[in-house]
Amino acid sequence: MPETPSDLPEGPDVRAIRHLVRLMKKYDLTALDLVEGSTQIRLRRRGPEAVSIAAPPPIAAPIAPPAAPVVAAPASAPAPVAPSGVVIESPMVGTFYSSMSPDVPAFVSVGTKIKPDATVCIIEAMKVFTDIPAGVSGTITEILVKNGQPVEFGQPLFRVNPA
């Protein structure tokens, strides 16, 4: 007879993981990273499925009779320009900190030139502080989050103009 999850021995690790899963559901988290000593736990769950809504087909303008004057369509507003550059994303869920402590200057600011191994911020999750490297060379053009703000996995943190 195959074993069911209730038949398996339940050690502290299994209970801890089940507790983390319950917390993810309770707080509607989609990702959780836990590092404790040499143990690393990464939990991911699917978020709400993306719903694609198709645009209705364009309606053809009525054809004017030959005697009617042709009226030009009003000029449409120019499309907004998408920001350029490379985005540095959060590799984990946690709290964003721009410096080591409140009395120390930020790791980077707009205009700071960075290299791939430069620390751009710290993200704290469950009392573990993780240095976040840039991963790209260039100049910081925009900081997209505020100090002390909670961040999600994959959330844009910085925009960089690559060098």
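Figured I'd write up the structure that's included with this text. (Residues numbered from 1 in each chain as written. Predicted model: local features only at pLDDT ≥ 70, side-chain atom pairs only at ≥ 80, totals over all residues. Heavy atoms only, no water.)

Glancing now at the environment of Val145. Following the sequence through the fold, Val145 ends up in the loop between strand 8 (138-143) and strand 9 (150-151). For Val145, a relative accessible area of 6% translates into the label buried. In this structure Val145 touches Phe96, Val151, Gln155, Pro156 and Leu157, once residues within four positions along its chain are discounted. (Helix = DSSP H or I, 4+ residues; strand = E, 2+ residues; numbered from the N terminus. Buried < 20%, exposed > 50% of the residue type's maximum accessible area, 1.4 Å probe, protein only. Contact = heavy atoms within 4.5 Å.)

Okay, the side chain of Ser99 next. Among the structural elements, Ser99 can be located in the loop between strand 4 (94-97) and strand 5 (113-114). One polar contact links the side chain of Ser99 to the main-chain carbonyl oxygen of Ser101, over a distance of 2.8 Å. Looking at Ser99, its side chain comes within polar contact range of the main-chain oxygen of Val104, at 3.3 Å. Those residues in contact with Ser99 that sit more than four places away from it in its chain are Val104, Pro105, Ala106, Phe107 and Ile122. (Polar contact = N/O pair within 3.5 Å; in protein donor to acceptor, adjacent residues only side chain to side chain.)

A word on the pattern of salt bridges. For the structure shown, the criterion picks out 1 salt bridge. Salt-bridge contacts for Arg159 lead to Glu142; the nearest nitrogen and oxygen are separated by 3.2 Å. Of this pair, Arg159 sits in strand 10 (residues 156-162) while Glu142 sits in strand 8, and the two are 17 residues apart along the sequence. Given a relative accessible area of 14%, Arg159 falls into the buried group. (Salt bridge = Lys/Arg side-chain N within 4 Å of Asp/Glu carboxyl O.)

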